[in-house]
Amino acid sequence: MTNVEPRSWWQAPLPAMEEVTFRSDTVLSDIHLCTPSQRHLMVRLNGMGQPVFLSQFKFLWNQDSQTDSGAEGGDRGDVPTEETPAGMGSSGSPPGSGGSSEGFSLQASADSTGQEWVGAPLDEDGDLDVVRRPRAASDPKPAGPPRDKVHPMILMQEEGDILGDEAQEGSTCDVIKIEHTMATPLEDVGKQVWRGALFLADYILFQWDLFQGCTVLELGAGTGLASIVAATVAQTVYCTGVNAGRKVSSCWRFVACPSLIPDVGADLLAMCQRNVALNSHLTASGGGVVKVRELDWLKDDLCTDPDVLFSWSEEDISDLYNHTTILLAAEVFYDDDLTDALFKTLCRLAHKLKNACTAILSVERRLNFTLSHLDVTCEAYDHFRSSLYQLERLEDGQLRFAVEPVEASFPQRLAYERIQQLELWKIFVEPVTSPIASASTAP
């Protein structure tokens, strides 16, 4: 009898590239899930070995949309109608006016468990009853295949001229090209395109004057879509993300050889840089500049090491602190720890900025059935609302934070499915004015 030495667990052969595997922690963006039959051009493999696709998101210029996402049936597709472009020449809402809507209460959200908005229908067993959109309510002449047929067409490099021919039919300013992945582990979700980024981009295009000539900082920019749109009107946009490697414990195949651990953050920022280059024609006309930089929410200082990719120069830091007036963040509130880190970073930056600033946050309410509650909840959103409430109550004697929801009635300028669960929040940051002592109390 031959004795065979047992093979170590890390020596086990890895699955072949052509083998399709599914993991419980894989996340797929709704942007790609709801456009399943769209043709996707796979352009390369990134540093993690993940397929990278090139997608085109169409601008709805010279069109307006029925963006009543807050009303009944707001999850249906928007129907474009002819109108001149909105947002040109419109002014932004000043603090305390314009952006508020009835029905939003930070106090109520902080004291409740989210049941004020969770009107989820349940079946006779108490399970979530998913009500699907009836075909009769859809467009009788849809532009593409039915929404419930999932058969994506993956194009190879040599077939890329198919997309190129389609793009040449219209103006190059009609689309924004984004490289992205389609299904990733949770730690790599920034490499996908999310509805919240498109929703934020819509608002940027609507509030054109608010961004005109400004310096903008986006936190957790992901693929850089919102930063690119902001650069079409802003003067300088700092498109930032975390430049950190993956934890060894989360990728077992690299335990035996740590030197092979890929840098997930650098790969993401490199994707941002590629997307900026792909859309340079959109920003060139207005003179806007997008600078991709590292910004770690868990560190107090910016990285200035010239040997580190996407580090900050002294000129960048000076420009950031002296001129930034708008901060952006989209779809980064899916984890409580990340939400806490973002709000701490927001406060830290606000204290360093020379000017008063406005932060615009985009979030999507996502319903989940949790075993801890045995009910349909949205814990990540509840924590986000609680963080807003705590920020507004913060009193440090230097800055005042005013929080307002944004009415989601602005026109839709990008082609995607705008749903009623999408929300925008504004945080106005202003210095606290010291009270002037009266003559009777003055010494």
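Up top is the structure these notes are about.
Residues numbered from 1 in each chain as written. Predicted model: local features only at pLDDT ≥ 70, side-chain atom pairs only at ≥ 80, totals over all residues. Heavy atoms only, no water.

A. Main features of the nonpolar core. With 48 residues, the main nonpolar core has Ile176, Leu225 and Leu328 as its most contacted residues. In terms of residues, this core owes the most to one element, helix α4 (residues 195-206), which gives 8 residues. (Core = buried A, V, L, I, M, F, W, Y, C linked by side-chain atoms within 4.5 Å. Buried < 20%, exposed > 50% of the residue type's maximum accessible area, 1.4 Å probe, protein only. Helix = DSSP H or I, 4+ residues; strand = E, 2+ residues; numbered from the N terminus.)

B. Here's a closer look at the pairing of strand β13 (residues 357-364). Where burial is concerned, most of β13 is hidden: 8 out of the 8 residues are buried. In this sheet, β13 lies alongside strand β12 (residues 324-330) in parallel orientation, the contact comprising 5 bridges. Bridged to alanine 330 within β13 is serine 362. In this view, the connection linking β12 to its parallel neighbour β13 by way of helix α10 (residues 336-352) has right-handed handedness. Pairing geometry for β13 and strand β17 (residues 422-431), over 8 bridges, is antiparallel. (Pairing = 2+ DSSP bridges. Right-handed = clockwise from strand over helix to strand, strands pointing away.)

C. Structural context of the packing of aromatic side chains. What the rule picks out here adds up to 9 aromatic pairs. Their ring planes at 45° and their centres at 6.2 Å tell us that phenylalanine 343 and phenylalanine 384 sit as a pair that is tilted. Of this pair, phenylalanine 343 sits in helix α10 while phenylalanine 384 sits in helix α11 (residues 379-392), and the two are 41 residues apart along the sequence. What makes phenylalanine 343 buried here is its relative accessible area of 7%. (Phe/Tyr/Trp six-rings, centres within 6.5 Å; stacked < 30°, edge-to-face > 60°.)

D. Main features of the sheet that holds β17. The strand order across the open sheet built from 7 strands is β11-β10-β9-β12-β13-β17-β16, with neighbouring strands paired in mixed fashion. Two strands close off the open sheet at either side, each with one partner strand: β11 (289-294) and β16 (399-406). If you compare each strand with its neighbour and ignore which way they point, the axes differ by 20° on average. Running at roughly 95° to β12, helix α9 (residues 314-323) makes contact with β9 (215-219), β10 (236-241), β11 and β12 of the sheet. Of the strands in this sheet, β13, β16 and β17 are in contact with α11, which crosses β17 at around 20°. (Axes fitted to C-alpha atoms, helices over the stretch in contact; angles between N-to-C directions. Contact = heavy atoms within 4.5 Å.)

E. Inspection of the pairing of β17 at higher detail. With 8 of 10 residues buried, β17 is to be regarded as a mostly interior element. Summarising the sheet, β16 and β17 pair through 8 bridges and their orientation is antiparallel. In the sheet register, phenylalanine 401 faces β17, and the bridge partner there is valine 429.

F. Focus on the pattern of salt bridges. Scanning all chains against the criterion turns up 13 salt bridges. The residue glutamate 179 makes a salt bridge to arginine 274 at a minimum N-O spacing of 3.0 Å. Remark: arginine 274 occurs in helix α7 (residues 264-278) and glutamate 179 occurs in strand β7 (residues 175-180); sequence separation between them is 95 residues. The buried category is assigned to glutamate 179, whose relative accessible area is 5%. Between lysine 191 and aspartate 267 there is a salt bridge, and its shortest N-O distance comes to 3.1 Å. A residue pair is termed long-range when its members are at least 10 positions apart, and lysine 191 in the loop between β8 (183-185) and α4 and aspartate 267 in helix α7 qualify at 76 residues. Here the two residues lysine 191 and aspartate 267 agree in accessibility, since each one is buried. (Salt bridge = Lys/Arg side-chain N within 4 Å of Asp/Glu carboxyl O.)

G. Region of the structure containing the packing of α10 against α11. Between α10 and α11, the shortest axis-to-axis distance is 9 Å and the interhelical angle comes to 25°. Between α10 and α11, the angle is such that the two are roughly parallel. Seen along the crossing, α10 lies across α11 with a hand that is right-handed. Residue-level inspection shows Asp336, Thr339, Asp340, Phe343, Leu346 and Cys347 of α10 in contact with α11, the latter providing Glu379, Ala380, His383, Phe384, Ser387, Leu388 and Leu391. Looking at the contact of α10 with α11 residue by residue, the classes come out as 7 nonpolar, 3 polar and 3 charged. (Parallel < 35°, antiparallel > 145°, perpendicular 65-115°, else oblique. Left-handed = near helix turned anticlockwise from the far one by under 90°. Nonpolar A, V, L, I, M, F, W, Y, C, P; charged D, E, K, R; others polar.)

H. Structural context of unusual backbone geometry. Its identity as a non-glycine residue notwithstanding, phenylalanine 310 has a phi of 65°, on the positive side. In this fold, phenylalanine 310 is placed in the loop between β11 and α9. For glutamate 331, which is not glycine, the phi dihedral falls at a positive 55°. Mapped onto the elements, glutamate 331 comes out in the loop between β12 and α10. A relative accessible area of 11% places glutamate 331 in the buried class.

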